[in-house]
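Reading the structure
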Amino acid sequence: MKNRKQEILQATLELAAEKGMGAVSMQQIAEKVGITKASLYNHFSSREEIVEAMYEYLREASKRKAGVGVVDYDHLTKEIPLKDILAGAVGTYRNMISDPDLYLFYKIIMSERSVNRNAAEIMVKETETMIHATKTLFYALQVKGIADFPDVDAAAFSFAMAVHAILDMEFDLAYSGAEKDTKRMQTFIAEFSRIYQGGR
């Protein structure tokens with residue numbers, strides 16, 4: 001991505017944090033970057049396109065920072081307990097979404113998803129990405145006999161949605177200033193693993 005586009009995305013993120021995504025105009029973005037509105041339209045056709053590009057850019061940048069690459073399922077063996085594999089996957093995802101810029105972006109998007117269609121679409125896309133990644137992992141776990149899922153798709157969906165909900169709660173606790181609590185996630189992963197551990 002070219003530097004000018006990065007500047008536009010960063011400026012939009014800063015404005016959205018200050019005003020809310022729905023209140024940010026193309027004119028305000030152009031002024032923040034120090035370019036004309038016409039020049040801004042040379043890079044992006046709409047605010048919605050900027051927000052979508054911001055999501056993709058911040059997500060990829062946070063994946064790089066967290067060291068998230070292509071997952072190698074060959075290292076998965078029955079010697080590694082299912083709960084450790086799942087805790088590792090959730091920990092990697094938590095590290096990725098804890099990147100300051102991505103965390104700020106999600107905080108803005110989550111606060112506006114009930115009133116801003118663009119925000120809701122991004123949340124749906126993130127949830128679907130999470131579900132797809134979980135299904136891929138769960139099929140590998142099933143094939144290797146590490147887990148025993150009567151219905152892999154249903155198990156992956158329920159796990160991803162539960163993790164998503166627990167992470168949402170962690171976001172809310174952090175934002176409200178309440179004490180951090182990771183026991184809920186640990187308890188959920190331990191119980192889920194107990195139910196679906198393979199080779200029993």
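Relevant structure appears above.
Residues numbered from 1 in each chain as written. Predicted model: local features only at pLDDT ≥ 70, side-chain atom pairs only at ≥ 80, totals over all residues. Heavy atoms only, no water.

Here we look at the side chain of T134
Tracing the sequence through the fold places T134 in helix α7 (residues 117-143). For T134, the residues in contact, after removing those within four places along its chain, are A156, F159 and A160. (Helix = DSSP H or I, 4+ residues; strand = E, 2+ residues; numbered from the N terminus. Contact = heavy atoms within 4.5 Å.)

A few points about the layout of surface pockets
Here the second largest pocket defines a volume of roughly 260 Å³. In terms of lining, the second largest pocket is formed by 14 residues, of which the most central are S98, E170, F171, A174 and K180. With five residues, helix α8 (residues 152-176) is the largest single contributor of residues to the lining of the second largest pocket. For the lining of the second largest pocket, the class distribution of residues is seven nonpolar, two polar and five charged. (1 Å grid on protein atoms, 1.4 Å probe; cavity = no way out; pocket = protein on both sides within 12 Å on 5 of 7 lines; lining within 4 Å. Points joined across faces, edges and corners; volume = space filled by probe spheres on them. Nonpolar A, V, L, I, M, F, W, Y, C, P; charged D, E, K, R; others polar.)

Here's the deal with empty space enclosed by the protein
If you walk through the whole model with that rule in mind, you get one cavity of 30 Å³ or more. Taken as a whole, the largest cavity spans an internal volume of roughly 90 Å³. Forming the walls of the largest cavity are Y93, I97, Y106, M110, M123, E126, H164, L167, D168 and F171. Counting only elements with at least two residues in the lining of the largest cavity, the list comes to α5 (82-97), α6 (100-112), α7 and α8.

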